[in-house]
Protein chains: 2
Amino acid sequence: MSVSDSAQAPSLWELVDDRLLQSCRVWDLRARRYRLPQAKEGEFYYIDSRDWVMVIARSPLGELLMVRQFRCGSAALSWEFPGGIIDEGEDPVVAGLRELREETGYVAQSGRLLGHCSPNPAILNNTCHIVFADQVQLAESGTEWDEHEELEARLMPEAEVFQWAKENKIGHALALVGLLYYQLDQ
Amino acid sequence: MSVSDSAQAPSLWELVDDRLLQSCRVWDLRARRYRLPQAKEGEFYYIDSRDWVMVIARSPLGELLMVRQFRCGSAALSWEFPGGIIDEGEDPVVAGLRELREETGYVAQSGRLLGHCSPNPAILNNTCHIVFADQVQLAESGTEWDEHEELEARLMPEAEVFQWAKENKIGHALALVGLLYYQLDQ
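To start, this report covers the structure provided alongside it.

## As for the sheet that holds strand β6 (residues 76–80) of chain B
Residues and elements named next belong to chain B. Overall, antiparallel pairing links the three strands, which are arranged β6-β5-β12 in an open sheet. This sheet does not close on itself; its edge strands, each paired only once, are β6 and β12 (152–157). The mean inter-strand angle of the sheet, taken between neighbouring strand axes irrespective of direction, is 25°. In terms of strand pairing, strand β5 (residues 63–71) meets β6 through five bridges, oriented antiparallel. Paired with Q69 across the bridge in β6 is S78. Docked against the sheet, helix α2 (residues 158–166) engages β5, β6 and β12, running at close to 105° with respect to β12.

Listed below in structure tokens is the structure:
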């Protein structure tokens, strides 16, 4: 039985309305009204956001490049992989290599997609692409941080990164998704 | 060098204000004003949410229990693991076993934490706990869905679940985090 023709598949809800509640700089808070099965209706809040990209960058010695930065949601420093918002019309791999260079000063000759995910299909409408860039090198041009960016970059042995994941030192869900895709790709 | 005493650690920002913008049923949109390094200030939006729990439930035959449901953010059906919002003061393992029973009708004698993560430390302030429940059985009491819940439950061989992850059939980032923790636990 394929996924799509399951007899017990839940219903797709019918969209009735979709309106902006609050513009929040790089994402918007919106509300959608749905007509549910059995003719019920309900309003549901969600975040309208551009797609994101995250980069697993590996050095010639096989180390993975991690960054640490202050995060406003958790109000704490967070260890994760470099990444950011994909520009309008920008290719996810190009965006990943751009974010890598801007945030860490590391560059790669090429990259490829490892996979993608919905950061949270319950409340976000976007996709996060996970890019792998091998043989990264520190460029002379240095970093190019956004106004509020301040990052620490660190190359770490691959085994140590997985050990950190196991010890819950890597908190960001998307970084952990990246690690799973990286492992499935090996 | 330990994580905490790094010489290049980014700064912790100083909180100046924190206000409610919009109550969104099970989470709130809020804005925090921060004083940044170099005496700059900035306002940042974030989602104030209770903690979540997700359950990796395994049958006596070694299959993993997956659910599919309509998700309002992605406006699509989504394959993921059972889970939900932890009640005030509720133990994460207890919450996980409760959500498992309510959503799927499966019960377990016990569960244990596999790990936790920040679903998105950039815009969310909460934690998602990942619980493992082994030897789950379908109870006679059946499911107990919330008003807007309609789920399909399916037991799948473990290898097939990882294959689905590889083929991007499992989109929910938190489900993928759960798979990583499950794998690191084996």
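## A few points about the relation of the copies chain B and chain A
Relative to chain A, chain B is turned by 180° and slid 0.0 Å along the rotation axis, the superposed coordinates differing by an RMSD of 0.0 Å. Seen this way, the second copy is the image of the first under a two-fold rotation axis. Most of the interface of chain B is mirrored in chain A: 100% of its interface residues are interface residues there too.

## Examining the sheet that holds strand β3 (residues 41–49) of chain A
Residues and elements named next belong to chain A. Spatial strand order, β1-β2-β3: three strands in an open sheet with antiparallel pairing. Looking along the sheet, the strands with just one partner apiece sit at the ends: β1 (14–24) and β3. Neighbour-to-neighbour, the strand axes of this sheet turn through a mean angle of 25°, independent of strand direction. Of the strand pairs in this sheet, strand β2 (residues 27–35) and β3 are connected by nine bridges, and their pairing is antiparallel. Bridging across to β3, R33 finds its partner in E43.

## Digging into the packing of helix α2 (residues 158–166) of chain A against helix α3 (residues 173–185) of chain A
All names here are of chain A. One can describe the packing of α2 onto α3 by two numbers: an axis separation of 11 Å at closest approach and a directional angle of 130°. Accordingly, the angle class assigned to the pair α2 and α3 is oblique. As α2 packs across α3, the resulting crossing turns out to be left-handed. Between α2, through E158, V161, F162 and A165, and α3, the contact on the second element is made entirely by L176, L179, Y182 and Q183. Grouping the constituent residues of the contact of α2 with α3 by class yields six nonpolar, one polar and one charged.

## A few points about the nonpolar core
Among the nonpolar cores identified, the biggest contains 72 residues, and F81, C117, I170 and L179 of chain A together with C117, I170 and L179 of chain B are the most heavily contacted of them. Once residues lying within four places of it in the same chain are set aside, the contact partners of I170 of chain B are Y181 of chain A together with M66, W79, V161, W164, A165, A175, L176 and L179 of chain B. Listed in part, the 14 residues of the second largest apolar core include V55, A95, L97 and A108 of chain A.

## As for the interface of chain B and chain A
Taken together, the contact pairs 75 residues of chain B with 76 residues of chain A. Taken together, both faces of the contact between chain B and chain A bury some 6,600 Å²; the carbon and sulfur share is 62%. Inspection of the chain B/chain A interface yields zero salt bridges. Counting across the interface, chain B meets chain A through 24 residue pairs in polar contact (both at pLDDT 80 or more). Residue contributions to the side of chain B that touches chain A peak at nine residues, all from helix α3 (residues 173–185) of chain B. In terms of residue class, the side of chain B that touches chain A is made up of 43 nonpolar, 20 polar and twelve charged.

Reading guide: rules and limits
Residues numbered from 1 in each chain as written. Chains lettered and ligands numbered in written order. Predicted model: local features only at pLDDT ≥ 70, side-chain atom pairs only at ≥ 80, totals over all residues. Heavy atoms only, no water. Pairing = 2+ DSSP bridges. Helix = DSSP H or I, 4+ residues; strand = E, 2+ residues; numbered from the N terminus. Axes fitted to C-alpha atoms, helices over the stretch in contact; angles between N-to-C directions. Contact = heavy atoms within 4.5 Å. Least-squares fit on C-alpha atoms with pLDDT ≥ 70 in both. Parallel < 35°, antiparallel > 145°, perpendicular 65-115°, else oblique. Left-handed = near helix turned anticlockwise from the far one by under 90°. Nonpolar A, V, L, I, M, F, W, Y, C, P; charged D, E, K, R; others polar. Core = buried A, V, L, I, M, F, W, Y, C linked by side-chain atoms within 4.5 Å. Buried < 20%, exposed > 50% of the residue type's maximum accessible area, 1.4 Å probe, protein only. Buried area = accessible area lost by both parts, 1.4 Å probe. Salt bridge = Lys/Arg side-chain N within 4 Å of Asp/Glu carboxyl O. Polar contact = N/O pair within 3.5 Å; in protein donor to acceptor, adjacent residues only side chain to side chain.

All quantities given are derived from atomic positions and should not be read as evidence of function.
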